[in-house]
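Structural overview for review
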Amino acid sequence: MTALETFESLGLSETTLEAIRAKGFEIPSPIQRLTIPVLLANQNDIIGQAQTGTGKTAAFGLPILEQALPASGKVQALILVPTRELALQVTDELLSLRTGKITVSAIYGGASYDEQLRRLKKGIDIVVGTPGRILDHLHRGTLDLSALKWLVLDEADEMLNMGFIDDVDEILSYTPEERRLLLFSATMPRRISDLAQKYMRDVQVLKVEATHLTTDLTDQIYFEVRESDKFDALTRIIDVEPEFYAIVFCRTKVAVDELVNRLLERGYLADGLHGDVSQAQREKILRKFKRRFSNILVATDVAARGIDVNNLTHVINYSLPQDSESYVHRIGRTGRAGNQGTAITFISHSEYRQFLAMRKEVKADIRKEEIPTVHDVIALKKQHILSELEETIETQMFDEYAGMAETILASHTPETALAALLKMSFKNDLDASSYPEIRTFSVDRKGTARIFIAVGRRDGFTPRRIVEMLQRESGLPDAHINDVKIMDEFSFVTIPFEEAEHVTRCLNKGSKHPIAEIARNEKSVRRAAPRRKDGRKGKTSRSKDRAGRRVPRKAADTEFRRKRR
Ligand code: ADP
Ligand code: MG
């Protein structure tokens, strides 16, 4: 690694570097490399352009965190983002990188004013907010931007797409002349350059060019899998491939260590590589892997550089790479020397948006596949046992057991004796219950998800009111809400997949019992619901009779009455 590629070379303080290490980042992403030195040294405005998921938050966040004064009592930085979900994400990211006593807080629509007022009064150094609510506070005189040093327009293209231009315009009029304006965006449509021209002085454009590399040699597939199910999905993939020999990529050191420990606990032969592994240890691990004493190498992108291993059966993206370039680098490790390998990418809800952007950029054919079922895994294991048995029979090298075989068969039937022997050899290997259930979430080809909401006609809802509630709670535009189906006690709506997590989070916010979730299988719920009701014995608690869902109906009702007031 060259000096230019380290965080140390960017001019950040030792305290900040410590926070970065603790967070587990190893090297700066390209946009971080470009922007951090400029933001630390100069005073000009900047436009930063890089694809989604490339670390733009830390790119502006680290210099701001480093230069802001702790507990100054005045808002020094305002970061405008288009949605609540992003407000929370950005706040979390900044908090995780913060050192000292800098306060960071999210101010967004739909949340209580009182609570926000209380925080504003106490003094927030860095506010992350959605334009509408920020403007409300400015109108009410509850947010003072007179000491503002940085105004960041994050995801500026999205913000314009969502029609926030006038709000942003007005917010800018509340900020002092000498503040720095930083604009970050994945794309640069005309309207953004217009905005920049209007408001920015001495602007520097820092752009990370998208790369176009080819990935043709590798078979590429992806699985949609919940973050919490990734581990079990991985074990199934390992178990269906008798020759499994792979690098599994994680994004941070912490994630590498955690995954290695879980694999070892389950009896797999895994080792981990990341920046904290010493050179001597690294060489030892690589030797072991090359000789196949271990067949799973878990690594960060940086640690995997320069590893020269042939004939991998798989490269697994346990979490998405930082950008499409790393994706191409990662999967280029399989399919070498004419060997066709398989690259598997796990995609959780929150990674979906970045994945779509990445896939577009790589222009690769990445197919969706289903995670092998437990049935598949066990069938393959049986096959594997049978072929091993055939091989052993062919060798004819088991004379030392011949006498024993006779003794056993004298007192047991061949079926009993063999089954018992198989059990001795393979223990619980074929036991289906050792594979935890993996829940699929329904995303169709059009990229939409079905949402289950635990309110229905009996709660006074009509399709129109469901749409209104979704808009109010999540800010989702009307045009994105489709196919509303309302039943007596619950409802379904279809929304864009990438909004699903945000919407359910918004609907469930502040309530003890979730009332919305991504539907697994609408049909089974719809079939089950009336049947259960018919067969009800009167005493059954209503909270149990909803197709097994953990949505106590009383709690859901109360929650919504409270919200409707
Ligand atoms: P963007 O705003 O460009 O879409 P984010 O700032 O949301 O991207 O970052 C995406 C993810 O990448 C986050 O989980 C973040 O913690 C992680 N990340 C950012 N910078 C680095 C880095 N240098 N090394 C590893 N992970 C990083
Ligand atoms: Mg971002």
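Below is a short write-up of the structure. (Residues numbered from 1 in each chain as written. Chains lettered and ligands numbered in written order. Predicted model: local features only at pLDDT ≥ 70, side-chain atom pairs only at ≥ 80, totals over all residues. Heavy atoms only, no water.)

Some points on the overall build of the protein chain
- The helix and strand inventory of the protein chain stands at 22 helices and 18 strands.
- Here the protein chain, with 565 residues, has 48% of them falling under the buried criterion.
- Within the protein chain, residue pairs in contact and separated by at least 24 positions form 76% of the contacts whose partners lie at least 6 positions apart.
- Counting every atom, the protein chain has about 28,100 Å² of accessible surface; 52% of that belongs to carbon and sulfur. (Helix = DSSP H or I, 4+ residues; strand = E, 2+ residues; numbered from the N terminus. Buried < 20%, exposed > 50% of the residue type's maximum accessible area, 1.4 Å probe, protein only. Contact = heavy atoms within 4.5 Å. Areas by Shrake-Rupley, 256 points an atom, 1.4 Å probe, with all protein chains shown as cover.)

Here we look at the site of ligand 1
- Taken together, 17 residues sit near ligand 1, with Ile-27, Gln-32, Gly-53, Thr-57 and Arg-251 positioned nearest.
- Interatomic distance of 2.8 Å between a backbone N/O atom of Ile-27 and a nitrogen atom of ligand 1.
- Arg-251 is positioned such that a nitrogen or oxygen atom in its side chain is 2.7 Å from an oxygen atom of ligand 1. (Near = heavy atom within 4 Å. Polar contact = N/O pair within 3.5 Å; in protein donor to acceptor, adjacent residues only side chain to side chain.)

Comments concerning helix α18 (residues 414–426)
- Between its terminal C-alpha atoms α18 stretches 18 Å, which fits the 18 Å expected from 13 residues at 1.5 Å a residue.
- At the C-terminal side of α18, Lys-427 shows a positive phi close to 45°. (Expected span 1.5 Å × (residues − 1).)

Here we look at the sheet that holds strand β16 (residues 482–486)
- With respect to topology, four strands assemble into an open sheet ordered β16-β17-β15-β18, the strand pairing being antiparallel. The open sheet terminates on both sides in strands that have one partner only, identified here as β16 and β18 (516–518). When the angles between neighbouring strand axes are averaged without regard to direction, this sheet yields 25°.
- With six bridges joining them, strand β15 (residues 448–453) and strand β17 (residues 491–496) adopt antiparallel strand pairing. Bridge pairing in β17 links Thr-448 to Pro-496.
- Packing against the sheet, helix α19 (residues 463–474) makes contact with β15, β16 and β17, and its axis sits at approximately 120° to β16.
- Each of β15, β17 and β18 is contacted by helix α20 (residues 497–508), which is oriented at about 135° to β17, the strand it contacts most. (Pairing = 2+ DSSP bridges. Axes fitted to C-alpha atoms, helices over the stretch in contact; angles between N-to-C directions.)

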